[in-house]
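As a plain string of letters, each chain reads:
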Amino acid sequence: MEGLLSDSQPFLPKHSATRRKDEMNRDETLQSEEETTDQDQDTMTREGLDRRNVWEPSVYYALGKESFYFVGQEINIRESTDSYGALIWPGAIALSQFLENNQQQMNLMDKAVLELGAGTGLLSIVASLLGAWVTATDLPDILSNLSFNLRRNTKGRSRYIPQVAALSWGQGLERDFPFPSYDYVLAADVVYHHDFLEELLNTMLHFCRPGRGTTLLWANKVRFQSDLSFTERFKSSFNTTLLAEVPQENVWIYKATAKE
Ligand SMILES: C[S@@+](CC[C@H](N)C(=O)[O-])C[C@H]1O[C@@H](n2cnc3c(N)ncnc32)[C@H](O)[C@@H]1O
């Protein structure tokens, strides 16, 4: 088992979500797009409280933006409260940290990488900063904020401009991605309380086919019995290795390759 986190690398974001605006070093356009008043923030927080389920991440209460430091870069993520894809989940942070700490083992330089359920884009941003040619995918409604975060955090910093594409699990895969040949497929916290686990597994199988040399990296915070059932099906569908776990967060990171 490889170590994922050390005392010097706390799991939580290294910067507060409520940093002063004059510290943010954003350009004027981005700043006006992001500006929220105290009243807006109160409303967002109240709405978050009204809709919170026990299994949702505590970051749900953050005030709309989070800052991280990966690959020598400050990464500022805009969140919103209108869907689960608008929040940063623990799996994305754990897998980002794993990729940064294990660059020799998982060398993303010049590799083709696809992310499933990219949400706010943190993991795709980190992969992009590590030199990968990234395609970040999610449901159509999520793509606007995802594109915004990818652009603001990779422009002038990454080797390749990350791409964004709509991908609803299990739908139109042969049409939209007929010959997948990605080196890595990333998925963080895509298994939670939803009805598309079958479609998700089929999508993973579509992108991780025999003979293509694709490696799937899946990080997930375990919340439900159904998560464990999915894990069992995942393990019987691929050759899998448990790469790391973050016990304090209950996050597991698996590597999977196709069964030949
Ligand atoms: C819990 S969020 C995790 C987001 C991000 N990976 C992270 O860890 O911060 C799950 C993501 O899966 C996406 N998702 C949910 N159902 C989906 C589906 N049927 N097809 C494609 N994406 C889906 C959501 O939009 C969301 O971005």
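Everything below is about the structure shown above.
All values reported here derive from a predicted model rather than from experimental measurement.

Cut-offs and rules
Residues numbered from 1 in each chain as written. Predicted model: local features only at pLDDT ≥ 70, side-chain atom pairs only at ≥ 80, totals over all residues. Heavy atoms only, no water. Pairing = 2+ DSSP bridges. Helix = DSSP H or I, 4+ residues; strand = E, 2+ residues; numbered from the N terminus. Axes fitted to C-alpha atoms, helices over the stretch in contact; angles between N-to-C directions. Contact = heavy atoms within 4.5 Å. Phe/Tyr/Trp six-rings, centres within 6.5 Å; stacked < 30°, edge-to-face > 60°. Buried < 20%, exposed > 50% of the residue type's maximum accessible area, 1.4 Å probe, protein only. Lys NZ or Arg CZ within 6 Å of the ring centre and 35° of its normal.

Draft legend 1. Representation of the sheet that holds strand E9 (residues 251–258). Taken together, 7 strands build an open sheet; the order of strands is E5-E4-E3-E6-E7-E9-E8 and the sheet is mixed. With one partner strand each, in any of the chains shown, strand E5 (163–166) and strand E8 (238–246) form the two edges of the open sheet. On average, each strand axis in the sheet is inclined to that of its neighbour by 20 degrees, with strand direction left out of account. For strand E6 (residues 184–188) and strand E7 (residues 215–221), the ladder comprises 5 bridges, and the chain directions are parallel. Across the sheet, residue Leu186 finds its bridge partner in E7, namely Leu217. Contacting E6, E7, E8 and E9, helix H3 (residues 90–101) runs over the sheet at an angle of about 65 degrees to E9. Against the sheet, helix H4 (residues 122–129) touches strand E3 (112–116), strand E4 (133–138) and E6, its axis set at about 170 degrees to E4.

Draft legend 2. Local environment of the packing of aromatic side chains. Applying the stated criterion across every chain yields a total of 11 aromatic pairs. Arranged with centres 6.3 Å apart and planes meeting at 15 degrees, the rings of Phe68 and Phe70 form a pair that is stacked. The burial state of Phe68 is the same as that of Phe70; both residues are buried. Taken together, the aromatic side chains of Trp218, Phe230, Phe234, Phe238, Trp252 and Tyr254 make up a single cluster linked through ring pairs. Directly above the aromatic system of Phe148 lies the positively charged group of Arg78, at a separation of 3.8 Å from the ring centroid.

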